Every structure is written in structure tokens, then in C-alpha cells.
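A closer look at the structure
Chain residues, written in single-letter form:
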Amino acid sequence: MYHERKGMDMCGIAGMVGLPIIGTEKMLETMARRGPDGRGSFQQGECCLLHSRLAIIDLDGGAQPMTYVQGNEKYTITYNGELYNTAELRSRLIALGHQFRTHSDTEVLLHAYAQWGEEALQLVNGIFAFAVWEHHTKRLFVARDRIGVKPLFYTRHKGGFLFASELKTILAYPGVEARLDAQGVAELLLLGPGRKPGSGVFKDIMELEPGCCGVFQDGKWQWKRYWYLKDRTHEESFEETAEHIRMLLTDSIRRQMVSDVPIGCFLSGGLDSSLISAVCAGETAKRGARLNTFSLDYENNRKFFVPGKFQPNTDSDYIPIMENALGVLPHRTVLTPEALVNTLEEATIARDLPGMADVDFSLLAFCKEIRSVVKVALSGECADEIFGGYPWYRDPEVRARSGFPWAQNTAQRADFLHPDIRAQIDPDCFVGDLYQTTLNRCDILPGTLPTEKRMKEMVNLNHHWFMQTLLDRKDRMSMYCGLEVRVPFCDYRIAEYMYAVPWSYKDRAGYEKGLLRHAMQGILPDEILWRKKSPYPKTHDPKYEELVSAMLREVLTDPSAPIFQIVERKALEQLLTAEFTWPWYGQLMKKPQTIAYMLQLNFWLRHYHISFV
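Residues numbered from 1 in each chain as written. Predicted model: local features only at pLDDT ≥ 70, side-chain atom pairs only at ≥ 80, totals over all residues. Heavy atoms only, no water.

**Structural notes on the sheet that holds strand β6 (residues 126-134)**
Reading across the sheet, the 6 strands line up as β4-β5-β6-β7-β12-β13 and stay open at both edges, with antiparallel pairing between neighbours. Each edge of the open sheet is held by one strand with a lone partner, namely β4 (66-70) and β13 (220-225). Averaged over all pairs of adjacent strands, the angle between their axes in this sheet comes to 20°, without regard to strand direction. Lying over the sheet, helix α3 (residues 105-116) contacts β4, β5 (73-83), β6 and β7 (139-144), oriented at roughly 130° with respect to β5. (Pairing = 2+ DSSP bridges. Helix = DSSP H or I, 4+ residues; strand = E, 2+ residues; numbered from the N terminus. Axes fitted to C-alpha atoms, helices over the stretch in contact; angles between N-to-C directions. Contact = heavy atoms within 4.5 Å.)

**Considering the packing of helix α11 (residues 344-351) against helix α26 (residues 591-607)**
Between two packed helices, both the angle of their axes relative to each other and the distance between the axes serve to describe the pair. α26 packs onto α11 with a crossing angle of 65° between their chain directions and a minimal axis gap of 10 Å. Of the two possible hands of crossing, α11 and α26 adopt the one that is right-handed. Residues Leu344, Glu345, Ala347, Thr348 and Ile349 of α11 form the contact with α26, whose participating residues are Ala596, Leu599, Gln600, Phe603, Trp604 and His607. Its residues placed into classes, the contact of α11 with α26 shows 7 nonpolar, 3 polar and 1 charged. (Left-handed = near helix turned anticlockwise from the far one by under 90°. Nonpolar A, V, L, I, M, F, W, Y, C, P; charged D, E, K, R; others polar.)

**Focus: the pattern of salt bridges**
Here the structure, examined in full by the defined rule, presents 45 salt bridges. Notably, a salt bridge pairs lysine 513 with aspartate 384, separated by 2.9 Å at the nearest N-O pair. Of the two residues, lysine 513 is situated in the loop between α21 (503-506) and α22 (514-519) and aspartate 384 in helix α13 (residues 383-387); the sequence distance between them amounts to 129 residues. Here lysine 513 and aspartate 384 have matching classes, each one buried. Salt bridges sharing common partners tie together Arg34, Arg144, Lys150, Glu166, Lys168, Arg195, Glu207, Asp352, Asp472, Asp475 and Arg476. (Salt bridge = Lys/Arg side-chain N within 4 Å of Asp/Glu carboxyl O. Buried < 20%, exposed > 50% of the residue type's maximum accessible area, 1.4 Å probe, protein only.)

**Quick notes on the side chain of arginine 476**
Along the chain, arginine 476 falls in helix α19 (residues 450-479). Owing to a relative accessible area of 3%, arginine 476 belongs among the buried residues under this scheme. Side-chain polar atoms of arginine 476 contact the side chain of aspartate 475, separated by 3.2 Å. (Polar contact = N/O pair within 3.5 Å; in protein donor to acceptor, adjacent residues only side chain to side chain.)

Nothing here speaks to function; it is geometry throughout.
This is the structure we're talking about:
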């Protein structure tokens, strides 16, 4: 809780090995929003590590890069993340003779790596991306958390190795160019705003996948997967499973409340954020304080909202119920269509890629408001992926289809490909191969019944694809505002445990996330606990579509618009009057959001001075 000093910080990291140590100030500048509270650098020979800090606690002791000497070896770390079992690890290390100078989890992670090497990854519970330089062996070790909450991109450049939290930092290194090839265009138009696992979209820039680590030494780069969803027999009864989940989730939430500064919670009035808010409000009340909650709505939404398959009711009716039930300090943000449009370019820069259109725009604007009150907030991302809450888990027709269930529109998307790109890419094969590759990776016990097997495939598809898009969105939009957002449902213990739980448990009584609802009875008012799922809120005001349509018409009159190098002009023109059978992506990206995505794409190509290869 607030008084438990664990030294957790959200930051930006970067570094290089085997390259000229140049451009570091420019790289650090690109990291300033992720870490506005301090900068640090380390250099030894051909290695340079960079760090920008968003300080939450232990302002003096947590400075990075941090160095530790053990025996004949010296280690230096640059780290972005939080460990939620810092106290347990520190006690274990002290028993082995380690001594600590700070309260920071950075120091605990560094000592853990010095003690156990790569095996330390099996012992930590947290979200992280980090790099450790071994001075004596001239070896760089990098790793990313199991779920993929914190980012880590890299590139092989002129025989060396360059890494960073964000793409913009890698692009800031002298000589690294923003280039796009046919494969990258195919990702943007056939998969976007999703990305292929391990891809940075830009040519020759990759992302270390979740649950992976790697080593760069003597000019060679090798990576491996240290964690994945592993199937096993589930032997607990439904009631035992519900109790197990209640314990895991409440423990995760309480661990993630650790902070020396006041925290807040996202509160949509839906199941996931309400559960987190309820636990946090209870813990905060024990200290005689009230929890800050933050809710989002849109101007005129009550007037224009129309119930649909994916959004049966509006959140605004449920938020006050939770605020009153928990006795919180409520904060409301109401966005106009103009505010969304005005954040389009900034959200693209924050993400370094075209994103989820107004879902990104609104989240960025929302995070700015939250940051004016608190520096740390908890959010309900990833419950639907892990507990099977999305409609595509529960619709037998969609479930039976081949292809990514949140983007059943490859033919429609292919119409946007410029003929020169279409000549190099077969859309169906491109998407189909990636889909099948993901299925081939699934760990599923032999003899698993067909329905159960398909549900485990769905979990893997969501884990490797859709969930990563949402985690990208949350990390970039929040960190751009200097806001640390924690995601308790992303505790790997929950993901591991739930993967083996039968679908009949998860879908208890025919409710999406029926197991979760049953497990958390008594924590929420019934009208919230049993409320039908509603996705992240979006605007229903026709003014928004009018605004983005006008912007697209302006692009269509600009013969120099870079989008025409990769997108078919006729498809863009038809987009203005198109009717969508399926959303462009997920549940919310319909025509107005697709128009906004194309506007993001055009801005991105121009702002990043992207060349084509």
C-alpha cells in the first residue's frame, strides 16, 4: 500500500551495443514523456544504456542505469517496469547474502539477475522490459514480461544492436531510417491496428515478443521464449475454481496498489473496472481515505446512442451506481467530437503507428485529465481475453470461422491495397498463414475435445494478437502523459490458471465471464455484477463522422498526400459512403473510425518521413 516502499517506476529505456555512441541526447529527448522526472546514461566501451524516469517512489535510490558488483562480475541495468513480488525476492536474496542500498525493485531485479541469470525470469511477478550489460563478458541480456504489458523494440544496425521502449527512439539514432516495404503495408491494411507478433512494422525493426528474452554478444543476436500458455489438466470443481480466481484477482489488485503517491482507478461502470475499483476502494477506506475514480463520456451520447450487438447499453447509467456504492471521489471527463479530432495527430505520435482511431484519441485525452489528479491508475484491460468475454468467444458462427475473429473482413481490407502492393501480396494467404502459425503454436493437451480445443485456440489468438493491440494502446497513451497505468488482470498467474479452466466454467449459466461474475459475488451491486458486457465507450454523435469525413475529403484533394502511395484512391473515395458488414477491427471500428484510421495513416507517413522499399 502507500506506506510499503517498493521503488516502482514506469520509464523509458534504450541502448546500443557495437555501434558508435552518438545521438544519445536526441534519443533521450524522445523518451522524455515516458520519463519526465529524470535522465540517466551509462557507457562502457561499445555499450551505452539510456534511461528516462517517471518517479513514483524512492526518488534518490531508484536512479538508473544502476550498477552492481558481485564477485568478479559487474552488471548494469536499464529497466522499465514493476515487480509485484519485490518483498519476497528481496528476502530470498538477503538470505543468500545480498545487501541492498535502496528500496527500489530495480535493485532487487538486478541482484536477482546477478544471482540466477536468465532463471530469474521464472521467479519474478511483474511487468517489465529491461536490459543488463555484463561488463566482463561484454554480453547484453534483454527481456520482456510474460504478458507483454511493457514494450521493447530493437533493430540490427550496421552489425550492432539497438533497442528502445518505443519506435521513435530507435528512429532517432543517426542512420536508422523510417522505411516501409510491402510486408509492412500489408500489416497496416490487412491486420491494422494489430501487428504481427514480433513486428515493428517499419522495415528491419522488430519487437521482442512477450515472454521472450535474448542475448547480443560478439555481433550475434539470439532470442528464445521463456514463457507461454501451457495446457494442463484442471482438477478443481467449479466452486474451488471460483474461490481460486477470487484469491488470485484480489491478490493481484492489492499488490498493484503499492505506491507512495495516491492512486486512482479507471471506472467505466462495466464489470472489470468496477471489480478493481471496489477492491481498491475497500483497501483505501481502511486507511481512512477515499479512492479517486475516473470515468469517460461523450457529449450528446445520451441523445444519439443506439443499442447494438456489441454495445447494448450506455455506461453513463451505471457509473453513478458504482460511485455511490463505493463512496469514491469521482472525476468525470466529457469529450466533444472536436476534442477527438484534435487529438488524432498526437495519438499517432504517441503510438508511433496508426492505432484504434478515436479509442486511442479519447484515451489520450482522458489520460491527460487523470494525470492532473494522480500519477498512478489501475485499469481493467485483458479480462475479456483471459475469461472469454468477447462476442467472438461466444458466437458459434464466428467461432467456427477461419481467420482472426475481430477482423473478418480481409476482402474488404484488400480493396484498399494500392495495385503495386497487391501485386506483391496475396491478402488471403498473408492473413491465413499468420492465423495458422498462431494455431500451430498453441499448447493443447492430446485428446482435448473439439469445442474445448477451439476455445484454447481462441485464447491464444486473443493473447498473441488482440490483447497486444490493447496493451499497446494503454501503454503509449498513458505514458505519453506521464501516467503509470497498472493492469491487474494481466498477472501471469491468472492467465496461466485460466488457460486450463474448462469453457463450461468460464461461460457459467450462459453469461460472458460467468466464472468471474460468480467468483466476485458480494463485491459489486448485482446490477453491475450481472450487467451485459459493454466495450470501451465511443462517441455516437454524427458530428464526429462529419468532421473526419471532411478531413478525408481534404486529403482526397491533395495530390501529394503520401497515403496514395499505398492505398487505392478509389477505395478511399468509396469509404465516405460505404456500409460495413463487419467492423474494421474489434467491436468499435466502424465507418467513422475507419476513416479516422486512414487519416492517421496519411499523417503517419508524412510526419515520420517514411520512404518505401
